[in-house]
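Observations on the model geometry
Chain by chain, the residues run as shown.
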Amino acid sequence: MAKMKGAIVVDTERCKGCQLCIIACPQKVIALANKVNLHGYPYVEAANEEACVGCASCGIVCPDGCITVYRVKQE
């Protein structure tokens, strides 16, 4: 069976730092950044990208639709 490799892209300017995606991520890929966006909110980022399996739990729970999830099969 092929292994899935995932990646996320966060729209940092739309993110309000609610941290729901951090809680939802089973692989602990996402973390809160030490920076703020133009609106003054701390935003999330992929801190452990190599662990992402593309499950899309983070994208599903994001109330603002800031996270795009990509999945690729690896042979």
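Look a little higher up for the structure.
These remarks concern the structure in this document.

Reading the values: rules and limits
Residues numbered from 1 in each chain as written. Predicted model: local features only at pLDDT ≥ 70, side-chain atom pairs only at ≥ 80, totals over all residues. Heavy atoms only, no water. Helix = DSSP H or I, 4+ residues; strand = E, 2+ residues; numbered from the N terminus. Buried < 20%, exposed > 50% of the residue type's maximum accessible area, 1.4 Å probe, protein only. Contact = heavy atoms within 4.5 Å. Areas by Shrake-Rupley, 256 points an atom, 1.4 Å probe, with all protein chains shown as cover. Lys, Arg positive; Asp, Glu negative; His and termini not counted. Charge placed at Lys NZ, Arg CZ, Asp CG, Glu CD. Core = buried A, V, L, I, M, F, W, Y, C linked by side-chain atoms within 4.5 Å. Patch = residues over 30% accessible without salt bridge, like charges linked within 9 Å, V, L, I, M, F, W, Y side chains within 5 Å. Salt bridge = Lys/Arg side-chain N within 4 Å of Asp/Glu carboxyl O.

With that settled, the discussion passes to the overall build of the chain. Tallying secondary structure elements over the chain gives 2 helices and 4 strands in all. The order of α-helices and β-strands along the chain, N terminus first, is β-α-β-β-α-β. Referenced to the eigenvectors of the C-alpha coordinate spread, the extents of the chain come out at roughly 45 × 20 × 20 Å. Counting across all 75 residues of the chain, residues that qualify as buried make up 25%. For the chain, long-range pairs separated by at least 24 residues make up 60% of all intrachain contacts whose partners lie at least 6 apart in sequence. Summing over all exposed atoms, the chain offers an accessible surface of approximately 4900 Å²; the carbon and sulfur share of this is 54%. Of the charged side chains in the chain, 8 are positive and 7 negative, and the gap between their average positions amounts to 6 Å.

Its place among the elements puts Asn 37 in the loop between strand 2 (30–36) and strand 3 (42–46). Taking relative accessible area as the criterion, Asn 37 reaches 6% and is therefore assigned buried. Setting aside residues up to four positions removed in sequence, Asn 37 forms contacts with Thr 12, Glu 13, Cys 15 and Tyr 43.

Quick look at the environment of Cys 58 now. The topology assignment puts Cys 58 in helix 2 (residues 57–61). Residues Cys 58 and Leu 20, spaced 38 residues apart in sequence, show a C-alpha to C-alpha distance of 7.5 Å. Those residues in contact with Cys 58 that lie beyond four places of it in its chain are Ile 8, Cys 21, Ile 30, Ile 67 and Val 69.

Right, let's talk about the nonpolar core for a bit. Grouped together as the largest cluster of nonpolar side chains are 15 residues, with contacts concentrated most on Ile 8, Ile 30 and Ile 67. Taken together, the elements giving at least two residues each to this core come down to strand 1 (3–10), strand 2 and strand 3. In this view, Ile 67 contacts Ile 8, Val 9, Val 10, Cys 21, Cys 58, Gly 59 and Cys 62; residues no more than four positions away in its chain are not counted.

Together, Leu 20, Ile 23, Ile 60 and Val 61 line one region of the surface with nonpolar side chains, adding up to about 400 Å² of accessible area. Elements supplying a minimum of two residues to the nonpolar patch: helix 1 (20–24) and helix 2. Relative to the elements of secondary structure, Leu 20 occurs in helix 1.

We now examine unusual backbone geometry. The phi dihedral of Gln 19 falls on the positive side, at around 70°, and the residue is not glycine. Relative to the assigned elements, Gln 19 resides in the loop between strand 1 and helix 1. Even without being a glycine, Ala 56 presents a positive backbone phi close to 70°.

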